[in-house]
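Listed here are the chains, written in short residue letters.
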Amino acid sequence: LFNMSESKQSQLINGVFTAEDASRILGAMVKGKIDYHTLERHSHSERDQAAQIRSEERLQELRELNASLKELLETAAAEKRSLKINGVIEIAPAD
């Protein structure tokens, strides 16, 4: 059971992947975040200008991350290199 007064870390990704597999895994994660913020931007468009601006800024950051990852993964694929990915998420009460 999760204690709401503490943070919790979970190992989301941990392994060695081909460039192709890494592309699928990371691409799906970034695409999910882009889709989320796209929906948020539309839902905030009529209600909250500040929230819409935050969503726009986050979308731009995610698009830049996506381009950077694509370049890295294309280089790894061309060099036939595997990639170690370690992704930990931390969940904590916000208040």
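Rules used throughout
- Residues numbered from 1 in each chain as written.
- Predicted model: local features only at pLDDT ≥ 70, side-chain atom pairs only at ≥ 80, totals over all residues.
- Heavy atoms only, no water.
- Helix = DSSP H or I, 4+ residues; strand = E, 2+ residues; numbered from the N terminus.
- Rg over C-alpha atoms; globule rule 2.2 N^0.38 Å.
- Buried < 20%, exposed > 50% of the residue type's maximum accessible area, 1.4 Å probe, protein only.
- Salt bridge = Lys/Arg side-chain N within 4 Å of Asp/Glu carboxyl O.
- Core = buried A, V, L, I, M, F, W, Y, C linked by side-chain atoms within 4.5 Å.
- Contact = heavy atoms within 4.5 Å.
- Expected span 1.5 Å × (residues − 1).

Chemist: Report on the overall build of the chain, specifying residues and quantitative values.
Modeler: In terms of helices and strands, the chain carries two helices and two strands. Listed N to C, the secondary structure of the chain is β-α-α-β in terms of helices and strands. Computed over its C-alpha atoms, the radius of gyration of the chain comes to 17 Å, more than 25% above the 12 Å expected for a compact globule of 95 residues. Projected onto its principal axes, the C-alpha positions of the chain cover 50 × 35 × 15 Å. For the chain, the proportion of its 95 residues judged to be buried stands at 23%.

Chemist: Could you give an account of the pattern of salt bridges, naming the residues involved and the relevant values?
Modeler: In this structure the tally under the stated criterion is five salt bridges. Residue R24 is joined to D21 by a salt bridge in which the shortest nitrogen-to-oxygen separation is 2.2 Å. Placement of both R24 and D21 in helix α1 (residues 19–44) is noted, with a separation of three residues, approximately one turn of the helix. The salt bridge partner of E79 is R81, with a shortest N-O separation of 3.8 Å.

Chemist: An account of the nonpolar core is requested, with residue identities and associated values reported.
Modeler: Within the largest apolar cluster, 14 residues are counted, with the highest numbers of intra-cluster contacts made by A22 and I85. When residues of this core are traced back to their parent elements, those giving at least two are β1 (8–17), α1, α2 (49–78) and β2 (83–91). Aside from chain neighbours lying at most four places away, what touches I85 is I13, N14, G15, F17, A22 and L26.

Chemist: Account for unusual backbone geometry, with residues named and values stated.
Modeler: Look at K80: it is not a glycine, yet its phi comes out positive at around 50°. Relative to the assigned elements, K80 resides in the loop between α2 and β2.

Chemist: Please provide a residue-by-residue account of the environment of A94, values included.
Modeler: Note on placement: A94 falls in the segment after β2. Owing to a relative accessible area of 87%, A94 belongs among the exposed residues under this scheme. Taking the C-alpha atoms as reference points, A94 and S7, separated by 87 residues in sequence, lie 9.8 Å from one another.

Chemist: Describe α2, naming the residues involved and giving the relevant values.
Modeler: In a regular helix each residue adds 1.5 Å, so 30 residues correspond to 44 Å; α2 covers 44 Å between its end C-alpha atoms and thus fits that length. Along α2, the residues that are buried comprise A51, Q52, S55, L59, L62, L69, L73 and A76. Positive phi appears at K80, one or two residues downstream of α2, with a value of about 50°.

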